[in-house]
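As a plain string of letters, each chain reads:
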Amino acid sequence: MDLVIKNEQKGYFVLKTCPAVFLSILKETILYKSFLKIMKNVNYKIKTMKKTHTFFAVMILSVSTFSQNTWTSKSNIGGLTRESAVGFAVNGKGYVCCGRSGTSTYLTDLWEYDASTDAWTQKLSYPGTGSFHPTATVIGTKEYVGLGYNPTTQTDWWEYDPSANTWTAKATFPGVARYGAGAFSIGTKAYVCGGTAGGPPYLSDVWAYDKATDSCVVCVTFGCGSCNHLARFFIA
């Protein structure tokens, strides 16, 4: 059966397909009831209709997202206290790398977080030099870290393979050495934008790194002007 949501203006659309038995159990859960309450508050109606018997556990995740809105304390990361580190996630694990402790201790340690055990494990340290406000992004199952400050701006670029716990040097960033740049990836390319070379004026160039050719080219100027220490999020 399908769980179907009806919007009064836009008609029906199927949220997820799931077996009738699974749906009957789901209806008795607090998460599902919370989901219904939320949807009713935004003028949606819920109904079910017969279709296939394919199971999607994502239904649970979807309902959970609507109902929780809470923070839970987890285990502290190992090593020294730090600021200006980078974080990323690969293969279901979280990673925190680099940063600075105090005003002059630049860190290169890498820590892996396993949510299933709420435990941190130290991994091979970052071999680059720009460990304060570096830039990081994921392409596929590899993480790319580079740039940063320590105590001058840097241009090196590194690939981390979590499965092998190894770092590989990649082509040097050809733009202005910087720290505090933002990054994201689409397909096999990573995009690095903005940052600072040491103070205002801040940078507005956007660079595309191609994993297949290990090359980086400037592609556009950031549309809303210069930017430094960017925040980022993803909508899949």
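Below, the structure is looked at part by part.

Reading the values: the criteria
Residues numbered from 1 in each chain as written. Predicted model: local features only at pLDDT ≥ 70, side-chain atom pairs only at ≥ 80, totals over all residues. Heavy atoms only, no water. Salt bridge = Lys/Arg side-chain N within 4 Å of Asp/Glu carboxyl O. Helix = DSSP H or I, 4+ residues; strand = E, 2+ residues; numbered from the N terminus. Buried < 20%, exposed > 50% of the residue type's maximum accessible area, 1.4 Å probe, protein only. Pairing = 2+ DSSP bridges. Axes fitted to C-alpha atoms, helices over the stretch in contact; angles between N-to-C directions. Polar contact = N/O pair within 3.5 Å; in protein donor to acceptor, adjacent residues only side chain to side chain. Contact = heavy atoms within 4.5 Å. Phe/Tyr/Trp six-rings, centres within 6.5 Å; stacked < 30°, edge-to-face > 60°. Lys NZ or Arg CZ within 6 Å of the ring centre and 35° of its normal. 1 Å grid on protein atoms, 1.4 Å probe; cavity = no way out; pocket = protein on both sides within 12 Å on 5 of 7 lines; lining within 4 Å. Points joined across faces, edges and corners; volume = space filled by probe spheres on them. Core = buried A, V, L, I, M, F, W, Y, C linked by side-chain atoms within 4.5 Å.

Moving on: the pattern of salt bridges. What the rule picks out here adds up to 4 salt bridges. Two residues, Glu-83 and Arg-100, come together in a salt bridge whose shortest N-O distance is 3.2 Å. You can see Glu-83 sitting in the loop between helix H3 (58-67) and strand E4 (86-90) and its partner Arg-100 sitting in strand E6 (residues 100-101), a full 17 residues away along the chain. Judged by its relative accessible area of 17%, Arg-100 falls in the buried class. Among the ionic pairs, Asp-205 bridges to Arg-178, the shortest N-O distance being 2.8 Å. Here the residue Asp-205 occupies a position in strand E16 (residues 205-210), and Arg-178 occupies one in the loop between strand E13 (166-170) and strand E14 (182-186), the gap between them amounting to 27 residues. The class for Asp-205 is buried, based on a relative accessible area of 17%. Relative accessible area serves as the criterion here: at 0%, Arg-178 is assigned to the buried category.

Before going further, it helps to spend a moment on the pairing of strand E5 (residues 93-97). As judged from the 5 bridges shared by E4 and E5, these two strands associate in the antiparallel manner. Bridged to Gly-87 within E5 is Val-96. Hairpin connection from E4 to E5: 2 residues lie between these consecutive antiparallel strands, with Asn-91 at a positive phi of about 55°. Sheet topology places E5 next to strand E8 (residues 110-114); 4 bridges connect them, and they run antiparallel. Paired with Val-96 across the strands is Trp-111, a residue of E8.

With that settled, consider the sheet that holds strand E12 (residues 157-161). Here 4 strands make up an open sheet; going across it, the order is E10-E11-E12-E13 and the pairing antiparallel. Each edge of the open sheet is held by one strand with a lone partner, namely strand E10 (135-139) and E13. Taking each pair of neighbouring strands and ignoring which way they run, the sheet shows an average axis angle of 25°. Here E10 runs beside strand E11 (residues 142-146); their pairing, made up of 5 bridges, is antiparallel.

Glancing now at the side chain of Asp-156. Mapped onto the elements, Asp-156 comes out in the loop between E11 and E12. At 3.2 Å, the side chain of Asp-156 forms a polar contact with the side chain of Trp-158. Other than its neighbours up to four places away in sequence, Asp-156 contacts Tyr-126, Gly-128, Thr-129, Gly-130, Val-145, Gly-146 and Leu-147.

For the rest of this paragraph, the subject is the packing of aromatic side chains. Tallied over the entire structure, the rule returns 15 aromatic pairs. Taken together, the ring pairs connect Phe-88, Tyr-95, Tyr-126, Tyr-160 and Trp-167 into an aromatic cluster. The residue whose ring lies beneath Arg-100 is Phe-132, and the NZ or CZ to ring-centre distance is 4.1 Å.

Okay, the pairing of strand E9 (residues 119-123) next. Of the pairings in the sheet, the one linking E8 to E9 comprises 5 bridges and is antiparallel in character. Of the residues in E9, the one forming a bridge with Asp-114 is Ala-119. Between E8 and E9, which pair antiparallel one after the other, the connecting turn spans 4 residues, and Asp-118 there sits at a positive phi close to 50°.

Right, let's talk about the sheet that holds strand E17 (residues 215-221) for a bit. If you walk across this open sheet you meet the 4 strands as E14-E15-E16-E17, and the pairing is antiparallel. Every other strand in the sheet has two partners, leaving E14 and E17 as the edge strands with one partner each. Here the average twist between neighbouring strands, direction ignored, is 25°.

With the rule as written, the count across this model stands at 1 cavity of 30 Å³ or more. For the largest cavity, the calculated volume is near 50 Å³. Forming the walls of the largest cavity are Trp-157, Ala-171, Thr-172, Phe-173, Pro-174, Val-192, Tyr-209 and Cys-216.

Moving on, we come to the nonpolar core. Core analysis: the largest hydrophobic core is formed by 14 residues, its most contacted members being Phe-88, Tyr-95, Cys-97, Leu-110, Tyr-126, Val-145 and Trp-167. Broken down by secondary-structure element, the contributors of at least two residues to this core are E4, E5, E10 and E12. Ranked by residues supplied to this core, first place goes to E4 with 3 residues. The residues contacting Cys-97, other than those within four sequence positions of it, are Ala-85, Val-86, Phe-88, Thr-108, Asp-109, Leu-110, Tyr-126 and Trp-167. Judged by nonpolar contacts, the second largest core, of 12 residues, contains Leu-147, Trp-157, Ala-181 and Tyr-209.

The analysis is restricted to geometry; functional conclusions fall outside its scope.
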